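# Chains, contacts and geometry: an overview
Okay, here's what each chain looks like letter by letter:
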Amino acid sequence: MNNVLFDVPGPKSRIRHRLYAVIGIVVVLALIAFVVYSFYDSGQFTAQKWEWLQYAQVQSDLASAVVATLKAFALGAVFALIFGAVFAAGRLSDHGWIRGISTAIVEFFRAIPLLILMFLFYYGLPTLGFDTSPLFAVVLGLTLYNGSVLAEVFRAGVNSLPKGQAEAAYALGMRKTQVMFTVLLPQAIRAMLPTIISQLVVLLKDTALGFLVTYPELLYYARYIGSQGAFARPIVPSTIVAAAIYIVMCLLLTALATYLERRNRRSKKHIEPTDRKAEQIVLGNAAGGQAFGGGLGGSS
Amino acid sequence: MDVLLNNLDLFGPFFLTTIELFAIAAVGSLVFGTILAMLRVSPVPVFRAIGTTYVTIVRNTPLTLVFAFFVFAYPLLNIVKVSYFTAAVVSLTVYTSAFICEVVRSGINTVPVGQAEAGRALGLNFGQILGQVVLPQALRSVVPPMISTLIALLKNSTIAGGFSVSEAGAIRSYISERGDNQMVALLWVALGFIILVSVLSFVQRSLEKRWSVAR
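Residues numbered from 1 in each chain as written. Chains lettered and ligands numbered in written order. Predicted model: local features only at pLDDT ≥ 70, side-chain atom pairs only at ≥ 80, totals over all residues. Heavy atoms only, no water.

Before going further, it helps to examine the packing of helix α9 (residues 171-178) of chain B against helix α10 (residues 182-211) of chain B. All names here are of chain B. Packing of α9 against α10 brings their axes to within 9 Å, and their N-to-C directions diverge by 150°. Relative to α10, the element α9 lies roughly antiparallel. The chirality of how α9 crosses α10 is right-handed. Between α9, through Ile 171, Arg 172, Ile 175 and Ser 176, and α10, the contact on the second element is made entirely by Gln 182, Ala 185, Leu 186 and Val 189. For the contact of α9 with α10, the residue count by class is five nonpolar, two polar and one charged. (Axes fitted to C-alpha atoms, helices over the stretch in contact; angles between N-to-C directions. Helix = DSSP H or I, 4+ residues; strand = E, 2+ residues; numbered from the N terminus. Parallel < 35°, antiparallel > 145°, perpendicular 65-115°, else oblique. Left-handed = near helix turned anticlockwise from the far one by under 90°. Contact = heavy atoms within 4.5 Å. Nonpolar A, V, L, I, M, F, W, Y, C, P; charged D, E, K, R; others polar.)

Inspection of the secondary structure assignment puts Ser 198 of chain A in helix α8 (residues 176-206). Spatially, the C-alpha atoms of Ser 198 of chain A and Gly 124 of chain A are 30 Å apart, while their sequence positions differ by 74 residues.

Leu 117 of chain A together with Ile 108 of chain B are the most contacted members of the largest nonpolar core, which has 153 residues in total. Per-element tally for this core: the top contributor is helix α3 (residues 56-91) of chain A, with 14 residues. Among residues more than four places away in sequence, those in contact with Leu 117 of chain A are Phe 109, Ile 112, Gly 141, Leu 144 and Tyr 145 of chain A. (Core = buried A, V, L, I, M, F, W, Y, C linked by side-chain atoms within 4.5 Å. Buried < 20%, exposed > 50% of the residue type's maximum accessible area, 1.4 Å probe, protein only.)

Packed helices, taken two at a time, are described by the angle their axes make and the gap between the axes. Residue and element names in this part refer to chain A. Running from amino to carboxyl end, α3 crosses α8 at an angle of 140°, the nearest separation of the two axes being 11 Å. The hand of the α3/α8 crossing is right-handed. Packed against α3, whose contacting residues are Thr 69, Phe 73, Gly 76, Ala 77, Ala 80, Leu 81, Ala 85 and Ala 89, the element α8 presents Met 180, Phe 181, Leu 185, Ile 196, Leu 200, Leu 203 and Leu 204 at the interface. Among the residues forming the contact of α3 with α8, the class breakdown is 13 nonpolar, two polar and no charged.

What follows is the structure, given as structure tokens:
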């Protein structure tokens, strides 16, 4: 990081910085040591608490919990991308009423906490006589919430394209739908790919909310194993394992985003967006982890 | 309407708890997030590494998992016993700080380098440049994404309802015990959040107007 808030340190400053560094390391190490000691002191590191990881049955159950998480993620991601593309097109429509409806739907689903959405589909719909399942509630919630955020991302992407792109397409005699789907959206998606993937990281993390509507995903299983008396209730170890798995999955997705961003920059097909402001809105929010109006993964 | 009126004793206090949770966690994460951002731009490489590690780990962990740790696992650790409410505040602060940090840092990047250079030319040290020149401008320029992050925090606070805190996210389970219609209750909760989010968006717009930096 080449931040220029400070000069290249001279000899005196270097000594001072080294001193600060030592103090910083000592403080952080002391904190970590304290936490590790507390784990150790309360017996979280005894072999008995970690034994469960050795059982073949537990391992395969853990694997299927990860698969359940990935299943909710994959379904949610595909539907959210479709939902986002459709409603982004709706918000960019020339017809006032389509714009109005799309805006209302997108704003509505972004203002409601994702957990409340999942509750609505899991506990609410049955009172109206619909049969639902936890997977259905989780996927529908993820789709509507993240789809709305993605719609805004796509819209900002389309707005950031040079106007000549649409004008040229119209000049060739294309229809509005053709212009949108064959010219504008593909470019917008390419330009917005890093932001889209960071939103998918949010979606992946949000699958953990499934735990609260009894969807048997990774966190649900970690909690279940952690409450087993037979394994001496290893809730601390199982939480640590679940956290490690989540972090690795999210980092892999983030790495994909970084890779695509780098490839994108090299590609000749990449068009530098002219509307820097639209880009800034999206990027500024990507820094916050989500798009305007408050994503951050609405939840987790 | 009946579901709301019959259960006003639930909706009132529970939404108040939500607002309380939001307010405390918001202040906590603004302070802690700004400190993290300062670490991430400091001249000492070790401090930068500490900040980056924290943000990377926390941003890739589901908030539900953070909650699960503080509510289920932490009490086993004989450190300090905390209430469910405190555990929820800590979880939300730990999580939101990482996002606030990134917002503040993107704000610091919008401040022209010349400002820091001018500060150095006047003989200010790093702390003075950051505290008196750069941060005040940075914080003003990031009002919209900052409030977006706080809106997310507000919505995230519903997760506390799943972990034994009596706030808006928990209204549903009480309603179902009382035998009222859960669907209707949830729609009222949703409306409550739409109102709260609109208030924050309004604050965002007025702050944006008042605080926009002329450059």
